[in-house]
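# Descriptive structure summary
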Amino acid sequence: MYYTRYINRLGTSNTEIMDNSMKETEFLTSSIGQLKVVQTKYVEAKDSISVLNKDNAGKELLVPLTSSMYVPGTLNDVEHVLVDVGTGYYVEKNVEDTKEFFKRKIDFLTKQIEKIQPALQEKHAMKQAVIEVMNMKIQQLHTQQTPQSGTTKA
């Protein structure tokens, strides 16, 4: 790898590149994870819209007040929903516009994940190169010290 030449110039005790590489890898992995969580929420929301059809108008349902508390309700309007568009703002949209909104959000998040993935792979490759070079240097030090310890018999 092309990283090896750069890393070889470093001293064995220099672990800053390894630390930075690990931090960057963890950050990128965390970022992708967070994007996937948000993406999953949009997919679930888009799938939930399928319940809104004329056959379900007037049916009873449970409305969540919290994640563990619900109240009974009736589905009156199956053509309009309130959509959280961010920072506490809600917009009333019809079902088709809402599906398109969620599709755009899902596509945007997919593109962002695809942009980050190559950077994560590059950081992972750099980390592997650092590990290989450090292992080689440790072996070199070990082989240099082994003959010296054999010649110092008293």
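Residues numbered from 1 in each chain as written. Predicted model: local features only at pLDDT ≥ 70, side-chain atom pairs only at ≥ 80, totals over all residues. Heavy atoms only, no water.

An unreviewed UniProt entry lists the protein under the name Prefoldin subunit 5, from Paramormyrops kingsleyae. Database annotation for the protein, UniProt heading Sequence similarities (unreviewed entry): "Belongs to the prefoldin subunit alpha family." (UniProt positions renumbered as here; feature names shortened; annotations may be inferred.)

### Comments concerning the overall build of the protein
Tallying secondary structure elements over the protein gives three helices and four strands in all. If you list the helices and strands of the protein from N to C, you get α-α-β-β-β-β-α. Buried positions account for 25% of the 154 residues belonging to the protein. Across the protein, every contact between residues at least 6 apart in sequence was considered, and the portion connecting residues at least 24 apart equals 59%. (Helix = DSSP H or I, 4+ residues; strand = E, 2+ residues; numbered from the N terminus. Buried < 20%, exposed > 50% of the residue type's maximum accessible area, 1.4 Å probe, protein only. Contact = heavy atoms within 4.5 Å.)

### Structural notes on the pattern of salt bridges
For the coordinates displayed, the defined rule picks out four salt bridges. The closest approach of N and O atoms between Glu 24 and Lys 123, which form a salt bridge, is 2.9 Å. Within this pair, whereas Glu 24 is found in helix α2 (residues 16-48), its partner Lys 123 is found in helix α3 (residues 95-150), the two being separated by 99 residues in sequence. By relative accessible area, Glu 24 is classed as partly exposed at 34%. A residue is classified by how much of its surface remains accessible, and Lys 123, at 26% relative accessible area, is partly exposed. (Salt bridge = Lys/Arg side-chain N within 4 Å of Asp/Glu carboxyl O.)

### Thoughts on the pairing of strand β3 (residues 80-86)
Bridge count between β3 and strand β4 (residues 89-94): six bridges; the pairing is antiparallel. Across the sheet, the residue bridging to Asp 84 is Tyr 90, located in β4. Where β3 folds back on β4, the antiparallel hairpin that results is connected by two residues, among which Thr 87 adopts a positive phi of roughly 45 degrees. (Pairing = 2+ DSSP bridges.)

### Here we look at a nonpolar patch on the surface
Residues Leu 61, Val 63, Leu 65, Met 69 and Val 71 make up a contiguous nonpolar surface patch of about 380 Å² in total accessible area. When residues in the nonpolar patch are grouped by element, the largest group, three residues, is from strand β1 (residues 60-66). Position of Leu 65 among the secondary structure elements: in strand β1. (Patch = residues over 30% accessible without salt bridge, like charges linked within 9 Å, V, L, I, M, F, W, Y side chains within 5 Å. Areas by Shrake-Rupley, 256 points an atom, 1.4 Å probe, with all protein chains shown as cover.)

### Quick look at the pairing of strand β2 (residues 69-74)
Bridge count between β1 and β2: six bridges; the pairing is antiparallel. Following the sheet pairing, Thr 66 is matched in β2 by Met 69. Linking two consecutive strands that pair antiparallel, namely β1 and β2, is a turn of two residues.

### Things to note about α2
A rise of 1.5 Å per residue sets the reference length of α2, with its 33 residues, at 48 Å; its end C-alpha atoms lie 48 Å apart and thus fit the reference within 8%. What α2 keeps buried is the set Ile 17, Met 18, Ser 21, Thr 25, Leu 28, Ser 31, Ile 32, Leu 35, Gln 39 and Tyr 42. (Expected span 1.5 Å × (residues − 1).)

### Thoughts on unusual backbone geometry
Of note in the backbone geometry, Thr 87 takes a positive phi value of approximately 45 degrees without being a glycine. Turning to its location among the elements, Thr 87 is positioned in the loop between β3 and β4. The exposure class of Thr 87 is exposed, given its relative accessible area of 76%.

### So, the side chain of Asn 56
Structurally, Asn 56 can be placed in the loop between α2 and β1. Residue Asn 56 is classed as buried on the basis of its relative accessible area of 17%. Residue contacts for Asn 56: discarding those within four places in its chain leaves Val 51, Leu 75 and Val 78.

### Details of the side chain of Thr 25
Topologically, Thr 25 is positioned in helix α2. Thr 25 sits in the buried class, given a relative accessible area of 10%. With near-sequence residues (within four places) excluded, Thr 25 lies in contact with Leu 120, Lys 123 and His 124.

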